[in-house]
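Remarks on the overall topology
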Amino acid sequence: MILAAATAAAVLAAPHAPALTLKPCIVDQVDARCGTFVVPENRAKPGGRKIGLHVVVVPARRKPVRPDAFAFLAGGPGGAATGSVFAAMVAWNAVHEHHDMLFVDQRGTGGSNAMTCAPPKTQPTTKAQIRAFVHGCVASVSGDVTQYGTRTAMDDLDAVRAALGYRQLDVYGGSYGATAAQVYLKRHPSSVRTLVLDGSTAIDVPFYGRFAVNGERALADVAKRCAADPLCAKAFPHWRTQFHDLVRAWDEHPARTAKNETTTGTGLAGVVQTMLLDAYTAGSIPLVVARAARGDYSSLNRQIAAQRPSASATRELMYWSIWCNEPWVGLGATGPWHTDFDGYTTSSIASHRVACAYFPKRAEPAADWTSPHSRVPVLVLAGGADPQDPITNMPRLKQELPNSRAIVVPHYGHVVGMLNCVRDVVSQFVIDGTAKGLDTGCVGAILPPGLALG
């Protein structure tokens, strides 16, 4: 195996014997120890239906083993933490020297009672079709779909921590995982030794409320880079204006971009917003737009094809249980925001509202969704051109988390914790247990990928 296995007799570092039995396994090409932790589906009814949580631990390489494990929280919502074992081990290899690495598939994902609906025979478009699909989807699974929210999942995580005997956790969360990490800190403050929030929005800042503006800001970063690059500026002198014009023109008269396929301005904005998430694809936006403006849709169609799997509505009920019920999503947001992403943002909100109108509801007390106030050491990571969760989405960082430090990687998009030397900064932060004296000088030297010219 790629990583050396701990012996079968190895005992997890803990102040007392763990209550969860783990056995040797291989996960994501990594030698690990696996187990299933049984919890009530409804924590208010401990005698009711039970579900199993898939738990993976990669034991620390060397002794002494720290009493705090490094816990990875996946993004999404819908990602399974155990699907990122290999990537996490490579990125934070230094942490693994003396820390166990903990991966728990959040309830409703991966090996933790995932609930996925069968694909519809035809894509539902009318409200009646959507209602029938949602009702049929919910009825097709066993269990209570209202019990798959973030708060309950973070209570699961703390129960796993206690069962394994870890004194505290060093928690990393990226994207939605950063949302979950904030909830964990709020609900279980004494269980957190350090916290890394990568591509995060404060849990009391509505995600959709800033979505269009954040997209516009990220696109402006690409425009500034292109204008400063002589080759890009010469090849695509008017691409930014062309994008603005295409969004409006195609919303009035959709363009036939492929056989039997048309693209609206809202659709074009959605493609570009998704490209902005990654610095590599963001560098192709001037090329894609300029070619589309002259009627060459080949580059645009490649992006559409690449995005199609993620663009289709998810059939994971855990996603909808969170997206339809939790206030951080911001489905009540309304424009105008005066950006080229207004139509796309409004359309995305509207499509979610339609589906959510037929999805089972649960109470989400407002008091549970205020940002946590804590003196726990926190490292906040952000891409300087993140179109979704830029550093401005954490507006009261120092007031609420006084022992925090923010690191922004210029020109990069969404989630940067595994990037170049940023991974080393994360490792040092976790090992030291503080952001004080953290050497971040290498971050400013990270260059973005080049701009595509053809």
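Residues numbered from 1 in each chain as written. Predicted model: local features only at pLDDT ≥ 70, side-chain atom pairs only at ≥ 80, totals over all residues. Heavy atoms only, no water.

**Thoughts on the nonpolar core**
Within soluble globular proteins, side chains that are nonpolar tend to cluster in buried spots. Within the largest apolar cluster, 102 residues are counted, with the highest numbers of intra-cluster contacts made by Val55 and Leu102. At seven residues, helix H5 (residues 176–187) tops the list of elements feeding residues into this core. Apart from the residues within four sequence positions on either side, Val55 is in contact with Leu20, Leu22, Arg33, Cys34, Gly35, Phe37, Leu102, Phe103, Val104, Val160 and Leu164. The next biggest cluster of nonpolar side chains, apart from the first, holds 39 residues, and it includes Ala88, Trp92, Tyr172 and Phe429. (Core = buried A, V, L, I, M, F, W, Y, C linked by side-chain atoms within 4.5 Å. Buried < 20%, exposed > 50% of the residue type's maximum accessible area, 1.4 Å probe, protein only. Helix = DSSP H or I, 4+ residues; strand = E, 2+ residues; numbered from the N terminus. Contact = heavy atoms within 4.5 Å.)

**A few points about the side chain of Thr263**
Here Thr263 shows up in strand E9 (residues 261–263). A distance of 2.8 Å separates a polar atom in the side chain of Thr263 from a polar atom in the side chain of Thr257. Setting aside residues up to four positions removed in sequence, Thr263 forms contacts with Trp250, Pro254, Ala255, Thr257, Leu268 and Ile304. (Polar contact = N/O pair within 3.5 Å; in protein donor to acceptor, adjacent residues only side chain to side chain.)

**Some remarks on the sheet that holds strand E5 (residues 101–104)**
Two pairing modes exist for strands in a sheet, parallel and antiparallel, and in both the strands are linked by backbone hydrogen bonds. The strand order E1-E2-E3-E5-E4-E6-E7-E10-E11 describes an open sheet built from nine strands, whose pairing is mixed. On the outer flanks of this sheet lie strand E1 (23–27) and strand E11 (404–409), each paired with one strand and no other. Each neighbouring strand pair of the sheet contributes to a mean axis angle of 25°, computed without reference to strand direction. Pairing analysis gives six bridges linking strand E6 (residues 168–174) to strand E7 (residues 192–198), with the strands arranged parallel. Residue pairing for E7: Leu169 is matched across the bridge by Val192. Sheet strands in contact with helix H16 (residues 422–432) are strand E4 (68–73), E6, E7, strand E10 (378–383) and E11, and its direction is about 165° off that of E7. (Pairing = 2+ DSSP bridges. Axes fitted to C-alpha atoms, helices over the stretch in contact; angles between N-to-C directions.)

**As for H5**
Taking 1.5 Å of rise per residue, the 12 residues of H5 would be expected to cover 16 Å, and the 17 Å separating its terminal C-alpha atoms lies within 8% of that figure. Within H5, 10 of the 12 residues are buried, which leaves the element mostly enclosed by the surrounding structure. Looking only at H5, the buried set comprises Tyr176, Gly177, Ala178, Thr179, Ala180, Ala181, Gln182, Val183, Tyr184 and Leu185. Packing partners of the buried residues in H5 comprise E4, helix H4 (150–164), E6, E7 and helix H13 (317–323). (Expected span 1.5 Å × (residues − 1).)

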